[in-house]
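Here's the letter readout for the chains.
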Amino acid sequence: MKVMKFGGTSVGSVKSILSLKEIVEAEARTQPVVVVVSALDGITDKLIAMSQMAKQGDERYREEFDAMVKRHHLMIDTIIQDDKKRIDLLNNVDQLFDQLKSILYGVFLIHDLSKKTELTIVCYGERLSSHIVATMVKNGVRMNSRDFIRTEKKQGRHVLDTELTKQLVKEAFSSACGCGTATNRTVYVVPGFIARDRDTHETTNLGRGGSDYTASIIAATLDADILEIWTDVDGFMTADPKVIKSAYTINELSYVEAMELCNFGAKVIYPPTIYPVCVKNIPIRVKNTFNPEHPGTLIKQKIENDQKPIKGISSIKGTSLITVTGLSMVGVIGVNRRIFTTLANKGISVFMVSQASSENSTSIGVRDEDAAAAAEVLNAEFAKEIETGAMFPMQVESGLATIAIVGENMKQTPGIAGKLFGTLGRSGISVIACAQGASETNISFVVDGRFLRKSLNVLHDSFFLSEYKVLNLFICGIGTVGGMLLEQIRTQQQFLMQTKRLKLNVVGISDVDNFVLDRDGIDLDGYEKTLRAGYPANTEHMRDEIVKMNIFNSVFVDCTASRQIATLYQTFLEHNISVVAANKIAASSDYDSYMKLKQTARDKGVWFRYETNVGAGLPIIGTINDLCNSGDKILKIEAILSGTLNFIFNEIAADVPFSETVRRAKEQRYSEPDPRIDLSGTDVIRKLVILTREAGYKVEQDDVEKHLFVPDSYFEGSIDDFWKRLPDLDADFEARRKVLEAEGKRWRFVATMEADEQNPSSFKTSVALKEVPYGHPFYGLEGSNNIVMLTTERYKEYPMLIQGYGAGAAVTAAGVFANIMSIANI
């Protein structure tokens, strides 16, 4: 036989209850079925609220009561088509409502609500719903759970009388076990949650979530083949889908794993539900009434071919830590007994304990609403010790969150705890307290509540519980490079998800006018419109909003040339946001600032990448890093690093004067709008400084010797003055060009770093227009290409050459994209 439990949402609407009917009747064609139902969604809370309103003399309880009657009547009128059945059902339901109305009126008159009366009132939800379901379902027979679910009072609480309940369940369902005359099509409908005291015979209940418990008790007692819990989700999820969009249904769990997840906030089933069926080795399947075709989650004793060490992540918000500390605790027997006895007597539940091995402190996790009371009773319990200074007053830290990672295979997998804490540390999340039992099924820890979402996301991603690894990107600057980068990301997103299981989630975009942020991701097909509706551009505001998002696995991508934007890097790195920069300003700024950025990235376990600062998409910086990291020494760097200047000196000819080449460079967008920026060599100097630093030398921009080819006076005045005066240089350039051509040489603007081989710490840096002879590697460099020649201790006789496109939006964007991918692949 099968026991099926349907929760409040499964009976809470016409659509869901009709789905219940279809599901149950399909099962009843082949086997006897017991259906346990909860009250209609929200009814139990309304019953409690009405009773409190009546107690306080608030006449509005009548409005709530009338609304409840109307809701049940409307459902009955909609789902029961047979007139006789509908009239009979309405009579039964109205009798119950008349009883409830009288009880509430009595409470209203005397302004008193006894425990007995309260327990009686809250049972009406299940009593009503079970009448409706039993009438609606074909061959439905309603059973009164108070006839066989019995409780006894222990320490002021109603707890299940297990043995008596088993006996009565067997008697009540003897026909379902094949001992009576009922056919296999009989559907036994049972109100969940409700019970009766074995001694006083008064109505009691099994507590919140008690309908699950009712179903489990019946399934275990009758040796059912399976217990099905029908709810409004597809089963246990790897994490809370409201927090983690990539969370997915867990196909199978062991009883232990399910219990751990339930105890730590996974509100799929009521935790005590698992015990009765676990003892009998009866599987539980959690299914979705609104999606019955989904297989759901199967919970059983042993999972075959289970490879994942972590099955799911669960959490409890609103956590407080109470720390009991004092030197007198060391080696003293009974301190913990006093702590837990005191809290138990007050009815305060402790869900986590963390104790130092020195025994001088014990931290306990309680819910925020219990923290003040817990601290008060513990201060009272240890008042004498606190007065003498042997112990300290209770320390209470609230506004925290408790997270648990759960999986039985953790005990077979070394390094889980290390990976857990390393992942959190790299994301800038501090662990306040932690606990792990010897069974190694659950690692629980406490973090600042503000970091709960980030913690869950980064752990879900790190332990491969997500369907995709997610990298969250803030793209700053959508000009030629930034715009091209966004297009490259857009066209590659689907490919990367399918082949690399990587989701590039663009959560922020900014330009000179606006910025927009969206944690769930921005649709790149229409980002321009979204951006126009965003915040007005403000660097400090954007920085603060990005930090406030506190989003995991995040990268700030700077595709601007803004000095103001570059000043944001330090803040982002300090908040565990990686930085990828096409902007050269930070890496070429003063040496101490450059080193501080790199050191912060290392300390925080994030990344500061700027490969495109030199050579666009060419692997220059990465190659120098690899050489140095492997023990090689860079002795000399010779490089052509300006695509603009290389274009100019490749274009110059007898019929193309110098001034015309500069104009062409501007028209073809090789140069800056003001080409004096390129002609001044400033960009080349920055690039040389970056390469020299990456090679392990301390250098500032002012240390670079400048041998320029345009007089200083041309860099003064307006851009119009510059264009007017520029042809004045043509005659001199042409005369020198003719000599150069006769000697078989070409001009190249070369950046050089050369170390003193006798004194390796001594070196010189310079930029200069040089005459390069035929046969030199720089001689045939075409167009706007870049080239770098590295002489090292290993590559001394035959230097290493790196050559290719050194400018252009597409290759620069591709280089930035490669930096992003390098972070994603770590």
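Residues numbered from 1 in each chain as written. Predicted model: local features only at pLDDT ≥ 70, side-chain atom pairs only at ≥ 80, totals over all residues. Heavy atoms only, no water.

1. Quick notes on the overall build of the chain
For the record, the criterion: Numbering of helices and strands runs from the N terminus; a helix is a DSSP stretch of H or I covering at least four residues, while a strand is a stretch of E covering at least two. Buried means the residue's accessible area, taken with a 1.4 Å probe over protein chains only, is under 20% of the maximum for its type, while exposed means over 50%, and partly exposed covers the values in between. Computed by Shrake-Rupley with a 1.4 Å probe, the accessible areas treat only the displayed protein chains as cover when residues are assessed. When charges are counted, Lys and Arg contribute as positive and Asp and Glu as negative, whereas His and the chain ends are disregarded. A charge is said to be at NZ when it belongs to Lys, at CZ for Arg, at CG for Asp and at CD for Glu.
A tally of regular secondary structure across the chain gives 29 helices and 31 strands. By its C-alpha atoms, the chain is 115 × 75 × 55 Å across when sized along the principal axes. Split into buried and exposed, the 826 residues of the chain put 51% on the buried side. When the accessible area of the chain is evaluated, it comes to approximately 37,200 Å², of which 48% is carbon and sulfur surface. Taking the 94 positively charged and 104 negatively charged side chains of the chain as two groups, their mean positions are separated by 5 Å.

2. A word on the sheet that holds strand β18 (residues 442–448)
For clarity, the threshold we go by: Pairing between strands is defined by DSSP: at least two bridges between the two strands are required. Only the stretch in contact is used when a helix axis is fitted, and all axes are lines through C-alpha atoms; the angle between N-to-C directions ranges over 0 to 180 degrees. What makes two residues a contact is simply this: any of their non-hydrogen atoms within 4.5 Å.
Strand order in the open sheet formed by six strands is β14-β15-β13-β16-β18-β17, with antiparallel pairing between adjacent strands. Single-partner strands in this sheet number two, and they are β14 (352–355) and β17 (433–436). Here the average twist between neighbouring strands, direction ignored, is 30°. Judged from the nine bridges that link them, strand β13 (residues 312–325) and strand β16 (residues 395–406) form a sheet pairing that is antiparallel. In the strand pairing of β16, Ser 314 is matched with Ala 404. Most of the contacts of helix α9 (residues 255–263) go to β13, to which it runs at about 60°, and overall it touches β13, β16 and β18. Relative to the sheet, helix α11 (residues 335–345) contacts β13, β14 and β15 (361–367), its axis offset from that of β15 by approximately 15°.

3. Here we look at a nonpolar patch on the surface
Quick note on the threshold: Excluding any residue in a salt bridge, patches collect residues exceeding 30% relative accessible area, merging like charges within 9 Å and nonpolar Val, Leu, Ile, Met, Phe, Trp and Tyr side chains within 5 Å. Each reported salt bridge corresponds to a side-chain nitrogen of Lys or Arg within 4 Å of a carboxyl oxygen of Asp or Glu.
A grouping of Tyr 105, Leu 109 and Ile 110 is seen on the molecular surface, where their side chains present a nonpolar patch of about 320 Å² in accessible area. Following the sequence through the fold, Ile 110 ends up in helix α4 (residues 83–110). For Ile 110, a relative accessible area of 57% corresponds to the exposed category.

4. Some points on the packing of aromatic side chains
Given two aromatic rings, their pairing is described by the distance between the two centres and the angle made by the two planes. Stated precisely, the cut-off is as follows: Stacked, edge-to-face and tilted are the three classes for Phe, Tyr and Trp ring pairs, Trp counted by its six-membered ring, which pair at centre distances within 6.5 Å; planes under 30 degrees apart are stacked, over 60 edge-to-face, the rest tilted. Charges are assigned to positions over rings by a cutoff of 6 Å between ring centre and Lys NZ or Arg CZ, combined with an angular limit of 35 degrees from the ring normal.
Summed over the entire model, instances satisfying the criterion amount to 22 aromatic pairs. Ring plane angle 10° and centroid distance 4.1 Å describe the contact between Phe 658 and Phe 733, whose orientation is recorded as stacked. Of the two residues, Phe 658 is situated in helix α24 (residues 658–667) and Phe 733 in helix α28 (residues 730–742); the sequence distance between them amounts to 75 residues. For Phe 658, a relative accessible area of 1% corresponds to the buried category. Take Phe 733: its relative accessible area is 1%, and that puts it in the buried class. Put simply, the rings of Phe 649, Phe 658, Phe 709, Phe 733, Trp 747 and Phe 749 pair up and form one aromatic cluster. Looking at Arg 127, its charged tip hangs above the ring of Tyr 124, at a distance of 4.7 Å from the centre.

5. Quick word on the pattern of salt bridges
Throughout the structure, instances matching the rule amount to 40 salt bridges. Put simply, Glu 152 and Arg 198 hold a salt bridge, and the shortest N to O gap is 3.3 Å. Of the two residues, Glu 152 sits in strand β4 (residues 150–154) while Arg 198 sits in the loop between β7 (194–197) and β8 (203–205), which places them 46 residues apart along the sequence. With its nearest N and O atoms 3.5 Å apart, the salt bridge here joins Glu 694 to Lys 598. Note that Glu 694 is positioned in helix α26 (residues 682–694) and Lys 598 in helix α21 (residues 591–604), a separation of 96 residues in sequence. Under the relative-accessibility criterion, Glu 694 is labelled buried at 6%. Sharing partners across several salt bridges, the network here consists of Glu 152, Lys 154, Asp 161, Arg 198 and Asp 199.

6. Details of the nonpolar core
Inclusion rule: Grouping buried Ala, Val, Leu, Ile, Met, Phe, Trp, Tyr and Cys residues that are joined through side-chain atoms within 4.5 Å yields what is termed a nonpolar core.
By size, the foremost hydrophobic cluster in this structure holds 101 residues, and its most contacted members are Ile 405, Leu 459, Phe 556, Ile 637, Phe 658 and Phe 709. If one sorts the elements of this core by residue count, α26 sits on top with six residues. If we skip the residues at most four places from it in the chain, Ile 405 touches Ile 310, Gly 312, Ile 313, Met 410, Ile 416, Leu 420, Thr 441, Asn 442, Ile 443, Leu 459 and Phe 463.

7. Remarks on the packing of helix α3 (residues 61–79) against α4
For clarity, the cut-off: With respect to orientation, any angle under 35 degrees is reported as roughly parallel, any angle over 145 as roughly antiparallel, any angle of 65 to 115 as roughly perpendicular, and every other angle as oblique. Amino acid classes used here: Ala, Val, Leu, Ile, Met, Phe, Trp, Tyr, Cys and Pro are nonpolar; Asp, Glu, Lys and Arg are charged; the rest, including Gly, are polar.
Running from N to C, α3 and α4 point in directions that differ by 170°, and their axes come no closer than 11 Å. What the angle tells us is that α3 and α4 run roughly antiparallel. Across the interface between the two elements, Tyr 61, Arg 62, Phe 65, Met 68, Val 69, His 72, His 73, Ile 76 and Asp 77 of α3 pack against Arg 86, Leu 89, Leu 90, Val 93, Asp 94, Phe 97, Leu 100, Lys 101, Leu 104, Tyr 105 and Phe 108 of α4. Looking at the contact of α3 with α4, its residues break down into 13 nonpolar, two polar and five charged.

8. Details of a positive patch on the surface
Among the surface-exposed residues, Lys 242, Lys 245, Lys 267, Lys 317, Arg 367 and Arg 453 lie close enough to one another that they form a single positively charged patch. Tracing the chain through its elements places Arg 453 in helix α15 (residues 452–462). Of the residues examined, Arg 453 reaches a relative accessible area of 33% and is grouped as partly exposed.

9. Quick notes on helix α18 (residues 539–549)
To keep things clear, this is the line we draw: Arc, as used here, means the arc of the directions from the helix axis to the C-beta atoms. Polar contacts, as counted here, are pairs of nitrogen or oxygen atoms within 3.5 Å of one another; within protein the pair requires one atom able to donate a hydrogen and one able to accept it, and residues that are adjacent in sequence qualify only if both atoms are side-chain atoms.
Within α18, the full set of buried residues consists of Thr 539, Met 542, Glu 545, Ile 546 and Met 549. Down the axis of α18, the smallest arc covering the buried residues is 135°, so these residues share one side. At the N-terminal boundary of α18, the capping side chain belongs to Asn 538, with an oxygen 3.2 Å from the backbone nitrogen of Glu 540. Of the residues one or two after α18, Asn 550 is the one with positive phi, at around 50°.

10. Focus on the environment of Phe 649
As for its placement among the helices and strands, Phe 649 is situated in helix α23 (residues 643–651). For Phe 649, a relative accessible area of 6% puts it in the buried group. Sequence separation between Phe 649 and Leu 160 is 489 residues, and the spatial gap between their C-alpha atoms is 92 Å.

11. Description of the pairing of strand β12 (residues 297–300)
Relative to β12, strand β10 (residues 252–254) runs parallel, the two sharing three bridges. Bridge assignment links Leu 253 to a residue of β12, and that residue is Ile 299.

12. A closer look at the sheet that holds strand β5 (residues 157–160)
Within a sheet, adjacent strands bond to each other through the backbone by hydrogen bonds, running parallel or antiparallel. The mixed open sheet is built from four strands, whose spatial order is β5-β4-β7-β8. What marks the edges here is a single partner per strand, and that holds for β5 and β8. The mean inter-strand angle of the sheet, taken between neighbouring strand axes irrespective of direction, is 55°.

13. Regarding the state of the cysteines
Disulfide: a covalent bond connecting the sulfur atoms of a pair of cysteines. Here is the rule: Sulfur atoms of two cysteines make up a disulfide when they are within 2.5 Å.
Scanning all chains against the criterion turns up zero disulfides. The thiol sulfur of Cys 559 is not disulfide-bonded, and the nearest other cysteine sulfur, from Cys 476, lies at 8.1 Å.

14. Here's the deal with the side chain of Thr 692
Examined against the element boundaries, Thr 692 turns out to sit in helix α26. For Thr 692, a relative accessible area of 0% translates into the label buried. Once residues within four sequence positions are removed from consideration, Thr 692 is found in contact with Ile 637, Tyr 697, Val 699, Met 753, Phe 763 and Thr 765.

15. Some details on the environment of Lys 101
Structurally, the position occupied by Lys 101 is in helix α4. The exposed category is assigned to Lys 101, whose relative accessible area is 51%.

16. Things to note about the confidence of the model for the chain
Our working rule: A residue's pLDDT is the predictor's confidence in that residue, given on a scale from 0 to 100.
The share of residues in the chain with pLDDT of 70 or more is 97%, and the mean pLDDT across the chain is 92. Per-residue pLDDT stays below 50 along residues 178–183; that stretch engages in six contacts with residues further than four places along the chain or on separate chains.

17. Here we look at the packing of helix α2 (residues 43–55) against α4
Under the convention used in this document: Handedness of a crossing is defined here by the sense of rotation of the near helix relative to the far one, left-handed for an anticlockwise turn of less than a right angle and right-handed for a clockwise turn.
Between α2 and α4, the shortest axis-to-axis distance is 7 Å and the interhelical angle comes to 35°. In the crossing of α2 with α4, the sense of the turn from one axis to the other is right-handed. Contacts from Leu 47, Met 50, Ser 51, Ala 54 and Lys 55 in α2 reach Leu 100, Leu 104, Val 107 and Phe 108 in α4.

18. Here we look at unusual backbone geometry
Most peptide bonds adopt trans geometry, and most residues besides glycine take a negative phi value. Although it is not a glycine, His 111 sits at a positive phi angle of roughly 55°. Structurally, the position occupied by His 111 is in the loop between α4 and α5 (115–122). The class for His 111 is partly exposed, based on a relative accessible area of 45%. The backbone phi angle of Arg 501 is positive, close to 55°, even though this residue is not glycine. Inspection of the secondary structure assignment puts Arg 501 in the loop between α16 (480–499) and β20 (502–510). Taking the relative accessible area as the measure of exposure, Arg 501 reaches 45% and is therefore partly exposed.

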